[in-house]
Every structure is written in C-alpha cells, then in structure tokens.
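Overview (structure and organization)
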Amino acid sequence: MTAPRGAARAAPAGDHSARIDPRRSACVLIGVDDYTLLDSLRSVRHNLVELRAVLTDEEIWGIPEDRIVTVANPAAPADLVGPIRQAGLLAEDTLIVYYAGHGLLDRHERQLLLTLPGSAEGQPDTCVRAGDVRRAIRDTGSALRRVLILDCCFSGQVLTEMAGADRGRQGGQVAVETLRGVEGSYVMTSAPRDRPSHAPDPRRCTVFTGALVDVMRQGLPDGPGMLGLHTLFQAVKARITAMRPEMPQEPQDEDRNGVGGLDFVRNVAVLPPLFPPAEPAAGPPRHSRLRTLVWSLTAGAAGLALGLGAPLAADWWERARPAPATGACGGQPADDTAPRAVLLDHSDALNKRNVDYEPLEGLSSLALVSQGPDGVEALALADNSPGLLFPLDLGTPFDLDPVADTAHTLRRANGDEFRWYDGEALVLEPGGRTALIGSETGPAIRRFDIAGGTQIGRDFPVPEELRYWPHGSAQAGRSIESLALSPNGRHLYAGWEAPLAKDGDQRGRAVIRIQRYTGEPGGAYTPDRQYAYLAGDGMHLVELVALDDKGGLLALEREYTAGLGTAVRVVQLSLDGARDVTDEDSLYDLPADVFAEETPVFDLADCPAGGPGAVATPGSNPRNPLLDNAEGMALGKEWTTGPYRGWRPLYLISDDNGSGDQITRLYSFAVRLEP
C-alpha cells in the first residue's frame, strides 16, 4: 500500500531513501534585498537569517553548518549559480536551493528571471534565467533528489511598470517548470501566475517564507511525527489564506517521484525533545537553550523591543554574511538625487605579486587597450627604475579578476635603460602601438613604441616656468603627474601634481596648472595654452582623462595626511570658457572666473565598504578601509545596454610605492557624467 502524500513513514535502520538526510544533503540560501534600480526588499534579509536558523536547528532538521551556505546580494550571475554547483557536488542525498527576491518575466522568451542587485525590468541580460538555475541544479553532482524553493516578488515599482503586459505565465507557473525533466525533484513557489508575493513589513520575513519558518519552528499539533515538503506546503498555504491578504497569494508546488512525501523535518509539536531535560540544578536543558537562541534571533530580526535581541541578530547577520563593498557613492549634485557613481567591485589580486621575478609595484597610471564583454585589457605604468609597462587583464567591471603579464621595459632610442625614470602619466595614442609617458624626472614627456619599449623621437618641450629650479618653480617631485589625449588626438593635456611655488593655494585649495599641447597623433605636439583649476581642500592632481574634443576632462585628486590617511575624489572639469593663464606670472588670488569649471563626481570615502571583512586588507584611512593611494585612472566606453545604459565604466588603481604598508588595489565604478 502506498503511503499518503506527506505521511510519516517508518524506515528500516540504515535506509536513507525514505527521508531527506541532513547529514548527506546540501543547502544554498540565496537572497537579494539591496537593489540599485528596483525597489529594496529588506524582508529578504530576515528570510535568510530565519531560514538558516531553523534548518540548522537540531530539533527540527539539523543540517551541519558546513553543508549550508548563505548567498546575500550576489553581484553577478556566477555569484548566484556558482554556489549552487558547488553545493551540488557536496550533496549525496538532496540538494536544496532557495531564492528570495524580485522575480521578473522575459516577455519574449516566456521565462522567469531571478534578479541581482543591478537588475532592471525589461533587461533580461541583467538577471539570471531560471533555466540556468535549473541546469545548475539538474546537471551538477549525483544527489538523489533536487529541491527548489522560490519566494519571487512581483510587487512595488516592478509590478507598476509591468501593468498591462501579458502576464499569463508569470510567477509560480513558470517557476514550477524550472525542474521539469529532473528525476526526483520538488518545487515550491510563493505565488502563481501574475499574483504578487507579499512583503508588507521590512522588519519581518516575507509572508511566504515567514509562514514556512513558523510551520517548521512550531510544528503541527495534529500532524505526523515527521513532516514532508508537501505537508509543509499545505500548512503554509493554509496560513497565508487565513491571513486574508488584500491581494490573494496562493503558493504552488510540484512533486516528481514522491520527493514531497519523504520525511523532511521533525514535527516539534508532537515529538519529544531530542535532548532530555536535565535536573533543575543543572540549568536549562540544551534544547531550551537552542530555542532561546533561535527565539532571540527571531525577535531581533523582527525589530521587537527585547533588549539584546536586535543587536544579536544584527551581529549574527554581519558575521555570517557581511554586506559586499559595492553600491552607490556620494558626491552627486545637491539638486540631483540620483548617484553619480556606483562602486561595482574591487580587487587586491595584484598586491605584492611578482611577474617573471619583477615586482608588480608602484603602479601610478592606467590606460585601457581593449574592451569587450569577456574582459578588459590595459597597461599599467610603474613609477620606478627602470620604467616598466605591465600588460593587465582586468576581468570585467562587474567582476574584477586582474592578472599581469611580463612588463615592457622603457628604454632610450639607442636601447639604453633610463638610470632613473619616475614615470607617473600614461596615455595611448590612436592605433595602440605607441604611448605618451610623462616623467617627474626632468620633467619630461616622451613617446614610446609599446612592443619594444624604446623612445621614439625627442622629448616634448616643457615650458620653463613649469620646470624645476633654477629654470622654473615646480615643486620637486610634484611636476607632471597626468596626461590626457583628446579623442581626435589633436590636444594633449599635461597636469602638474601640485601648485608652482609662485602660484600657491587659495585657502587650502591647490592652484593647479594644466598645460595643453596641440599637434597630430604620432607627430609633434607644441604647448599653446595653460589652464588652471582649484583642487579640493588639501588635494593634489594625480590623473586626467579627456572626455571630448572641447576641453572636457575627468580629474583624479588624492592626498595623504598623517593620522587621517588617504583621501581620493574624482571631479569633472570643463576648460571650455576657462582663460588661458600662460602669461600670468602668478595664479595666486586670481578671480574665480579664471579657473576651470568643476563638478564633483564622487569621493571614494563615500563609497560603501561593506560589512566586516568585505574589504580584506584595510587601506590607509580609518574612515573607510577601501581607501589607499589611488593614482591611476582609466575610463571605458559608454554602456549602450543594461542597468547602467548611458553610464561609463571607470577604473582606479592604487600605487603601493613598493611599501609593505600600502596596497596595490584595483577599483571599478559605473559613473554618470555631465554632457
């Protein structure tokens, strides 16, 4: 006789086939609560905390801690699918995958899309297709059974934007199809068709996951000793129906080969505790202590006023899954609520590395060689002796994975190495075969053949007042720090790091000179105009990027102050309308309309550093561990699709100065620039 669905079964000793064994299973809990373009879903954070607590509770299911992983806010598809495949290799009995977040529908392919923090409605390429998740669950490992639980939400702004579209197969109906074709599978979803999943209180779990956790934690007084997935599902559905939500929410499930009827969790409402109560003098029994811990986590996540409950839950969350160091940065104009910059990723993979026995250190300038969907290639200039150009594979802006190749050594035209070459500025010329490099030794600007590393032609002329004493008044070691070439190659801009001695500063803001050269790509460049701008308080200019042919520039400013650490900011400059200051003997105390117009883009200190450990190696600023000695900057091509359409990728790299106290760190951003 076949046992009814959901009924407990008596299994022979050693027979694992009639139950879902936590000791031989693996579980992945995935949740997205922090979105850039979609509405936030703070309830999802509580879902992950509560569900993990109940699944690891020995009184309920008791999966070992090393067999359950929590994935919060995966930034890229690989971050969502990768842990599923890893868990699939571990699972012998059952692989369980849970996802909570916004669910979208690809109207053209009629396929459920699971969202990421950067996902956008109507842009499937910013999401993860349910089919990809299904394949990861189906094709990885040799588990006897596969379980998918989806709490997908179609609420808020996403639901409003999709109003009027064909929603006949949204939500749960599509979700239950994700594991068709997998033998021994079970799918549970929070809603059918176009019905929304509710998350009415950001201080608590979503309605569906909250009901699922409650049923497992409280048990069923009239139920069997062991509860199967389908029995849990029926109880969850009944609880949600009893809530009478304004918009109906009707969970669905689908069972193949009886997986939903297998024993899953203990029914704590009818079974005795696993750990018998101790004598009164011995204090509370072990299971009571476990219950107290779980109850405290529940109270804290729900925001109840219970003394230490809330801090305990918050601390547990931060330790278990620290927030990633990604998200919107400050620095936007006061009249614009949208961010000007979003930190996408950072990587310390280049820090303290050697390439063919040459130290990868002192990287002070960055230039992009090629850009494609599969990765970005760049060159990085080392400011040591002899001058070195390191080819780099950066990965993608959303997933930095930098790798360096053998360096090109910079040499004079006759092949001799430079005795000392303090290279600080790098720009590629059209065609990518030659580069213009600025050196503080001299100071000098030279053209080099990249492949051979040899100088081509003579040094570019540098006006006398921009040289060191006795010819000019440039500060020692703070001359040419940046170069930028206009897109048409007609104008070359050279920025001095610090004010000339005769220029000084205005109330702590450095008066910076930018020398413009005019010429032709591959030919001679002649200095013709000088511009000035006021850097930020205490800041100096370390890099420039040309935005257009009309004098639009992006400037990287940086400063270090003992006791305070490093400060880094990016500003947008416009030289259009700025006066030529070539003939000005001193720029001190000139009227404001002389200087280039500037617009802040972001301050690196205002970018999110994530939770504890998200930035593995703290930089030099106690305010934000991301901050270190950023000196190189490169700007990518404008995105024409995706969540940052119309924005541009921006890369920064820090110079460790060959010191063990500093870091070689690569950063990637999405930036929104003024036209």
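None of these values were measured; they are calculated from a predicted model.

**With respect to helix α2 (residues 77-90)**
Given a rise of 1.5 Å per residue, 14 residues ought to cover 20 Å, and the 21 Å separating the end C-alpha atoms of α2 matches this to within 8%. Along α2, the positions that sit buried rather than exposed are Leu80, Val81, Pro83, Ile84, Ala87 and Gly88. Looking straight down α2, one finds its buried side chains confined to an arc of 155 degrees; they lie on one side. Seen from the open side of α2, the exposed residues pointing more than 90 degrees away from its buried face are Ala78, Gln86 and Leu89.

**A short note on the pattern of salt bridges**
All told, the structure shown has 30 salt bridges when counted by the stated rule. Note that arginine 558 and glutamate 631 form a salt bridge whose closest N and O atoms lie 2.6 Å from each other. Highlighted residues: arginine 558 in strand β30 (residues 552-561) and glutamate 631 in strand β33 (residues 630-635), separated in sequence by 73 residues. By sharing partners, the salt bridges in this structure join Asp33, Asp34, Arg42 and Arg45 into a single network.

**A closer look at a negative patch on the surface**
Taken together, the side chains of Asp356, Glu377, Asp393 and Asp405 make up a negatively charged region of the molecular surface. In this structure, aspartate 405 sits in the loop between β18 (399-404) and β19 (408-409).

**Things to note about the packing of aromatic side chains**
Across all of its chains, the model carries 11 aromatic pairs by this definition. Between tyrosine 421 and phenylalanine 448, the ring centres sit 6.1 Å apart and the planes meet at 90 degrees, which makes this aromatic pair edge-to-face. Residue tyrosine 421 is located in the loop between β19 and β20 (423-428), and its partner phenylalanine 448 is located in strand β22 (residues 444-449); the two are separated by 27 residues in the primary sequence. Here tyrosine 421 matches phenylalanine 448 in class, with each residue buried. Taken together through their ring pairs, the aromatic side chains of Phe398, Trp639, Tyr644 and Trp647 make up a single cluster.

**Description of the nonpolar core**
Side chains of nonpolar character tend, in soluble globular proteins, to be buried together. Residues Leu51, Leu55, Leu80, Ile84, Tyr99, Met216 and Phe264 are the most contacted members of the largest nonpolar core, which totals 72 residues. Those residues in contact with tyrosine 99, other than ones at most four positions away along the chain, are Ile30, Val32, Tyr35, Leu80, Leu114, Thr115, Ile149, Leu150, Asp151 and Cys152. With 29 residues, the next largest nonpolar core counts Leu554, Phe602, Val615 and Leu626 among its residues.

**Details of the side chain of glutamine 123**
Along the chain, glutamine 123 falls in the loop between β4 (111-114) and β5 (128-129). Exposure remark for glutamine 123: the relative accessible area of 16% places this residue in the buried category. Glutamine 123 has contacts with Gly642, Pro643 and Arg645, leaving out every residue within four places of it along the chain.

**Overview of the packing of helix α1 (residues 43-56) against helix α6 (residues 207-218)**
Relative placement of two packed helices is described by the angle separating their axes and the distance separating the axes. Orientation of α1 relative to α6, taken along the N-to-C sense of each, is 20 degrees, at an axis distance of 10 Å. By the angle between their axes, α1 is roughly parallel relative to α6. As α1 packs across α6, the resulting crossing turns out to be left-handed. The residues of α6 that touch α1, namely those facing Asn47, Glu50, Leu51, Ala53, Val54 and Leu55, are Thr209, Leu212, Val213, Met216 and Arg217. Among the residues making up the contact of α1 with α6, the classes are represented as 7 nonpolar, 2 polar and 2 charged.

**What to know about the state of the cysteines**
Put plainly, a disulfide is one covalent bond tying together the sulfur atoms of two cysteines. For the structure on display, the rule yields 1 disulfide. Across a sulfur-sulfur distance of 2.0 Å, cysteine 329 and cysteine 607 are joined as a disulfide pair. Taking the sign of the S-S torsion, about 110 degrees here, the bridge from cysteine 329 to cysteine 607 comes out right-handed. With a gap of 278 residues between them, cysteine 329 in the loop between β11 (327-328) and β12 (341-347) and cysteine 607 in the loop between β32 (597-603) and β33 connect regions that are remote in the sequence. Both residues of the pair, cysteine 329 and cysteine 607, count as buried.

**Topic: the sheet that holds strand β35 (residues 666-671)**
If you walk across this open sheet you meet the 5 strands as β11-β12-β35-β34-β33, and the pairing is antiparallel. Each having just a single partner strand, β11 and β33 make up the two edges of the open sheet. Judged from the 5 bridges that link them, β33 and strand β34 (residues 648-654) form a sheet pairing that is antiparallel. Following the sheet pairing, glycine 632 is matched in β34 by isoleucine 653.

**Regarding the pairing of strand β15 (residues 363-372)**
The two faces of a sheet get side chains in turn, since along a regular strand they alternate between them. The sheet contact formed by β15 and strand β16 (residues 375-382) spans 8 bridges and is antiparallel. Across the sheet, residue glycine 372 finds its bridge partner in β16, namely glycine 375. Counted between consecutive antiparallel strands, the loop separating β15 from β16 contains 2 residues.

**Some words on unusual backbone geometry**
Between glycine 442 and proline 443 the backbone carries a cis peptide bond, its omega angle lying at -15 degrees. Considering the arrangement of structural elements, one finds proline 443 in the loop between β21 (434-439) and β22. Put simply, tryptophan 469 and proline 470 share a cis peptide bond, and its omega is 15 degrees. Relative to the helices and strands, proline 470 is located in the loop between β23 (455-456) and β24 (480-485). Non-glycine residue asparagine 73 carries a positive phi angle of around 55 degrees. Position of asparagine 73 relative to the elements: it lies in the loop between β2 (68-72) and α2. A positive phi angle, near 55 degrees, is found at asparagine 657, a position not held by glycine. Relative to the elements of secondary structure, asparagine 657 occurs in the loop between β34 and β35.

Cut-offs applied
Residues numbered from 1 in each chain as written. Predicted model: local features only at pLDDT ≥ 70, side-chain atom pairs only at ≥ 80, totals over all residues. Heavy atoms only, no water. Helix = DSSP H or I, 4+ residues; strand = E, 2+ residues; numbered from the N terminus. Expected span 1.5 Å × (residues − 1). Buried < 20%, exposed > 50% of the residue type's maximum accessible area, 1.4 Å probe, protein only. Arc of directions from axis to C-beta. Salt bridge = Lys/Arg side-chain N within 4 Å of Asp/Glu carboxyl O. Patch = residues over 30% accessible without salt bridge, like charges linked within 9 Å, V, L, I, M, F, W, Y side chains within 5 Å. Areas by Shrake-Rupley, 256 points an atom, 1.4 Å probe, with all protein chains shown as cover. Lys, Arg positive; Asp, Glu negative; His and termini not counted. Charge placed at Lys NZ, Arg CZ, Asp CG, Glu CD. Phe/Tyr/Trp six-rings, centres within 6.5 Å; stacked < 30°, edge-to-face > 60°. Core = buried A, V, L, I, M, F, W, Y, C linked by side-chain atoms within 4.5 Å. Contact = heavy atoms within 4.5 Å. Axes fitted to C-alpha atoms, helices over the stretch in contact; angles between N-to-C directions. Parallel < 35°, antiparallel > 145°, perpendicular 65-115°, else oblique. Left-handed = near helix turned anticlockwise from the far one by under 90°. Nonpolar A, V, L, I, M, F, W, Y, C, P; charged D, E, K, R; others polar. Disulfide = S-S within 2.5 Å. Pairing = 2+ DSSP bridges.

Purely geometric stuff here, so don't read any function into it on its own.
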